[in-house]
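Structural features, examined
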Amino acid sequence: MVAMILGTGFEPLEAVAPCDILRRGGVEVKLAAIGDPLVEAGHGVRVQADCTLAELDAANLEMVILPGGLGGVQAIGASAAALALVREVYHAGGYVAAICAGPTVLAKLGLLEGKQATCYPGCEGQMAGALMQNAAVVRDGRIITGRAAGAAADFGLALLAALKGEQEAKRVADEIVYVC
């Protein structure tokens, strides 16, 4: 199972597009709210999460995803439970993925030390230890980072490829008539 952590102010495109792509590929994704399950995203979008962060068990997760959006990233960074979940999943051998400003959380946890990564332009100063790349999506082992909302589909397809293989990612890309 995959968990996507939603904090108030998250970027909706960076959460919904990857979630949709993963579910089309047969991946069980739980949208997990920090606090109230009805989460106010950026741009006035509200999303009903599948569960709260407290209901997740790291032992059952093969990936945890952090969408961007400054409010959402601040909420994740301020949540001891969210930070602990990211650490637990990674140290248990799972994937961690983040897009836009989300990779700054991974950097603060020390997970990007010596790893190739990307992030929202302007956040590079918060990416201590990362080997920054100018790319839409970067995968370095079990860490996958995405640049911004404009790369949400690329990010989702990269997540699917990591979990289900390139062939399944290509199948879903064809299904949604993805044009790169």
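Residues numbered from 1 in each chain as written. Predicted model: local features only at pLDDT ≥ 70, side-chain atom pairs only at ≥ 80, totals over all residues. Heavy atoms only, no water.

Looking at the overall build of the protein
The number of helices and strands found in the protein is six helices and 11 strands. Rg of the C-alpha trace for the protein: 14 Å, near the compact-globule value of 16 Å for 180 residues, within the 12% margin. Overall, the protein is about 40 × 35 × 35 Å in size when its C-alpha atoms are taken along their principal axes. Residue burial in the protein is summarised as follows: out of 180 residues, 52% are buried. (Helix = DSSP H or I, 4+ residues; strand = E, 2+ residues; numbered from the N terminus. Rg over C-alpha atoms; globule rule 2.2 N^0.38 Å. Buried < 20%, exposed > 50% of the residue type's maximum accessible area, 1.4 Å probe, protein only.)

Quick word on the pairing of strand 10 (residues 137-140)
Across a regular strand the side chains alternate sides, sitting on one face of the sheet and then on the other. Only one face of strand 10 is covered, namely the face carrying V138 and D140; the face carrying V137 and R139 is uncovered. Summarising the sheet, strand 10 and strand 11 (residues 143-146) pair through four bridges and their orientation is antiparallel. Opposite D140, over in strand 11, you have I143 as the bridge partner. (Pairing = 2+ DSSP bridges.)

Some points on the sheet that holds strand 5 (residues 51-52)
Within the open sheet, the seven strands sit side by side as 5-2-1-6-7-11-10. Their pairing is mixed. The strands lining the two open edges of the sheet, one partner per strand, are strand 5 and strand 10. For strand 7 (residues 95-99) and strand 11, the ladder comprises four bridges, and the chain directions are parallel. Note that in strand 11 the partner of A97 across the bridge is I144. The sheet contacts of helix 3 (residues 80-91) involve strand 1 (2-6), strand 6 (63-66), strand 7 and strand 11, and relative to strand 6 the element is tilted by about 140°. (Contact = heavy atoms within 4.5 Å. Axes fitted to C-alpha atoms, helices over the stretch in contact; angles between N-to-C directions.)

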